[in-house]
Amino acid sequence: FMGNCVVELYSLDYASSYQHAFVYIRQLALHLRGAMQKKTPETFRAVYCWQYVHCLRLWGAVLSSACGGGKADGDDEAEAMRSLVYPLAGGSLRPP
């Protein structure tokens, strides 16, 4: 329920949502990069946990809403959100 509410909130203003999403998706990527470089139990625990998985799922839902939310194709604000799909997918699919 709360995830759906967050998705709806981020769908209201894509310009502000982009800045917020960029910071948090970047943070997820930094955690993953740290786990891949350091290979210590602490860094692996940062990405091998339900909190990390649920964050990926939430941001995937937010970006999915921005990509297919019924907005016009020329919407620049939605296009900015669409530009975050590749970094999120790269952080989701990259094997450690």
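Each value, and the rule that gives it
Residues numbered from 1 in each chain as written. Predicted model: local features only at pLDDT ≥ 70, side-chain atom pairs only at ≥ 80, totals over all residues. Heavy atoms only, no water. Helix = DSSP H or I, 4+ residues; strand = E, 2+ residues; numbered from the N terminus. Buried < 20%, exposed > 50% of the residue type's maximum accessible area, 1.4 Å probe, protein only. Contact = heavy atoms within 4.5 Å. Areas by Shrake-Rupley, 256 points an atom, 1.4 Å probe, with all protein chains shown as cover. Core = buried A, V, L, I, M, F, W, Y, C linked by side-chain atoms within 4.5 Å. Patch = residues over 30% accessible without salt bridge, like charges linked within 9 Å, V, L, I, M, F, W, Y side chains within 5 Å. Salt bridge = Lys/Arg side-chain N within 4 Å of Asp/Glu carboxyl O. Axes fitted to C-alpha atoms, helices over the stretch in contact; angles between N-to-C directions. Parallel < 35°, antiparallel > 145°, perpendicular 65-115°, else oblique. Left-handed = near helix turned anticlockwise from the far one by under 90°.

Enquirer: Lay out the overall build of the protein chain with the relevant residues and their values.
Expert: Helix and strand counts for the protein chain stand at six helices and zero strands. Within the protein chain, the fraction of its 96 residues that count as buried is 27%. Counted over contacts in the protein chain with a minimum sequence separation of 6, partners at least 24 positions apart contribute 68%. Of the accessible surface of the protein chain, which amounts to about 6,600 Å², a share of 60% is contributed by carbon and sulfur atoms.

Enquirer: A description of the environment of Ala-21 should follow, citing residues and the corresponding values.
Expert: With respect to the helices and strands, the residue Ala-21 is situated in helix 2 (residues 14-38). Sequence separation between Ala-21 and Tyr-10 is 11 residues, and the spatial gap between their C-alpha atoms is 8.9 Å. Once you skip the residues sitting within four places of it in the chain, Ala-21 turns out to touch Trp-59, Met-81 and Leu-84.

Enquirer: Please provide a residue-by-residue account of the nonpolar core, values included.
Expert: Counting residues in hydrophobic clusters, the biggest one holds 19 residues, and the most contacted among them are Ile-25, Trp-59 and Met-81. Of all elements in the fold, only helix 1 (2-12), helix 2, helix 4 (50-67) and helix 5 (76-82) reach the threshold of two or more residues within this core. Beyond its immediate sequence surroundings of up to four residues, Ile-25 is in contact with Trp-59, Leu-63, Leu-84, Pro-87 and Leu-88.

Enquirer: Break down the environment of Tyr-24 for me, citing the residues and quoting the values.
Expert: Residue position: Tyr-24 is located in helix 2. Along the sequence, Tyr-24 and Cys-55 sit 31 residues apart, while their C-alpha atoms lie 8.9 Å from each other.

Enquirer: Give a detailed account of a nonpolar patch on the surface, specifying residues and quantitative values.
Expert: On the surface, Phe-22, Val-23 and Tyr-24 cluster together into a nonpolar patch covering about 290 Å² of accessible area. Looking at where Phe-22 falls in the secondary structure, it is placed in helix 2. Accessibility expressed as a relative area gives 40% for Phe-22, which makes it partly exposed.

Enquirer: Give me the packing of helix 1 against helix 4: which residues, what numbers.
Expert: Axis separation between helix 1 and helix 4 bottoms out at 9 Å; the angle between their running directions is 40 degrees. Taken as axis vectors, helix 1 and helix 4 run oblique relative to one another. The crossing of helix 1 and helix 4 is right-handed. Here Gly-3, Val-6, Val-7, Tyr-10 and Ser-11 of helix 1 come into contact with helix 4, specifically with Leu-58, Trp-59, Ala-61, Val-62 and Ser-65.

Honestly, that's just the spatial picture; any functional story needs more than this.
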